[in-house]
Amino acid sequence: MALLPILCFPDPRLHKVAQPVQAVDARIKALIADMFETMYHAHGIGLAATQIDVHERLIVIDVSEERDQPLVLINPEIIWASAEKKINDEGCLSVPGIYDGVERHEAVHVRALDGEGQVRVIEADGLLAVCIQHEMDHLLGKVFVEYLSPLKRNRIKTKMLKAQREERR
């Protein structure tokens, strides 16, 4: 297993739309293991392949306190979303240190392949539903800050670029 570099906003590669995974093979299984290791190391609860510059429809999630409930979603699609929505504070491994409110469906049902290539339907609410929607946005090339006002988004972009410049010194 290996730790993978996570792209940071406003990297343009975060805006690429992911393509479907063609086969759940040894390469994908190794990628899943590396993504979990990377996510856990970064203290995240979700990671989309887009965030590590792999533009395939693959997400790993673990919202459990004990970090012992890994969830793999390959080629996920939302098949049902609740009418009720809620604003939740969100953060992102690609936008470190930034948190803001985003409106999401309170519950979703998602059909996806698991890490073994089996079709599963996940019924999610609460934090898991928020995380799934957030990570699925990454597969569409969308970062959560795009839900914020242009003023907030530009302030975040400026802050991120400044932090990246200072990191290179």
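Remember, predicted model here, so these are calculated numbers, not experimental data. (Residues numbered from 1 in each chain as written. Predicted model: local features only at pLDDT ≥ 70, side-chain atom pairs only at ≥ 80, totals over all residues. Heavy atoms only, no water.)

Caption draft 1: Broad picture of the overall build of the chain. Within the chain, the secondary structure is distributed over three helices and seven strands. Counting from the amino terminus, helix and strand elements in the chain follow one another as α-β-β-β-β-β-β-β-α-α. Relative to a compact globule of 169 residues, whose C-alpha radius of gyration would be 15 Å, the chain shows 16 Å and is just as compact. Across the 169 residues of the chain, 45% fall into the buried class. Residue pairs in contact within the chain that sit at least 24 positions apart in sequence constitute 66% of those at least 6 positions apart. Working note: accessible area of the chain is about 9,100 Å², and carbon and sulfur atoms make up 52% of it. (Helix = DSSP H or I, 4+ residues; strand = E, 2+ residues; numbered from the N terminus. Rg over C-alpha atoms; globule rule 2.2 N^0.38 Å. Buried < 20%, exposed > 50% of the residue type's maximum accessible area, 1.4 Å probe, protein only. Contact = heavy atoms within 4.5 Å. Areas by Shrake-Rupley, 256 points an atom, 1.4 Å probe, with all protein chains shown as cover.)

Caption draft 2: Broad picture of helix 3 (residues 150-168). Its 19 residues give helix 3 an end-to-end C-alpha distance of 27 Å, which sits within 8% of 27 Å, the value for a rise of 1.5 Å per residue. At its buried positions, helix 3 is contacted by strand 5 (95-105). (Expected span 1.5 Å × (residues − 1).)

Caption draft 3: Representation of helix 2 (residues 126-139) in the model. Taking 1.5 Å per residue, 14 residues should reach 20 Å; helix 2 reaches 21 Å between its end C-alpha atoms and fits that length. The buried fraction of helix 2 amounts to 11 of the 14 residues, a majority that puts the element mostly inside the structure. Of the residues making up helix 2, those classed as buried are Ala129, Val130, Cys131, Ile132, Gln133, His134, Glu135, Met136, Asp137, His138 and Leu139.

Caption draft 4: Fine view of the pattern of salt bridges. In total, this model carries eight salt bridges according to the counting rule given. Notably, a salt bridge pairs Arg27 with Glu56, separated by 2.9 Å at the nearest N-O pair. Of this pair, Arg27 sits in helix 1 (residues 26-41) while Glu56 sits in the loop between strand 1 (46-48) and strand 2 (58-61); the two residues are 29 residues apart in sequence, bridging distant segments of the chain. A salt bridge links Arg104 to Asp137, with the nearest nitrogen and oxygen atoms 2.7 Å apart. Here Asp137 lies in helix 2 and Arg104 lies in strand 5, a separation of 33 residues in the sequence. (Salt bridge = Lys/Arg side-chain N within 4 Å of Asp/Glu carboxyl O.)

Caption draft 5: Here's a closer look at the side chain of Asp34. Looking at the element boundaries, Asp34 is found in helix 1. Within the buried core, Asp34 has no salt-bridge partner, and the shortest N-O distance to an opposite charge, that of Arg27, equals 10 Å. Setting aside residues up to four positions removed in sequence, Asp34 forms contacts with Met1, Ala2 and Leu4. (Lys, Arg positive; Asp, Glu negative; His and termini not counted.)

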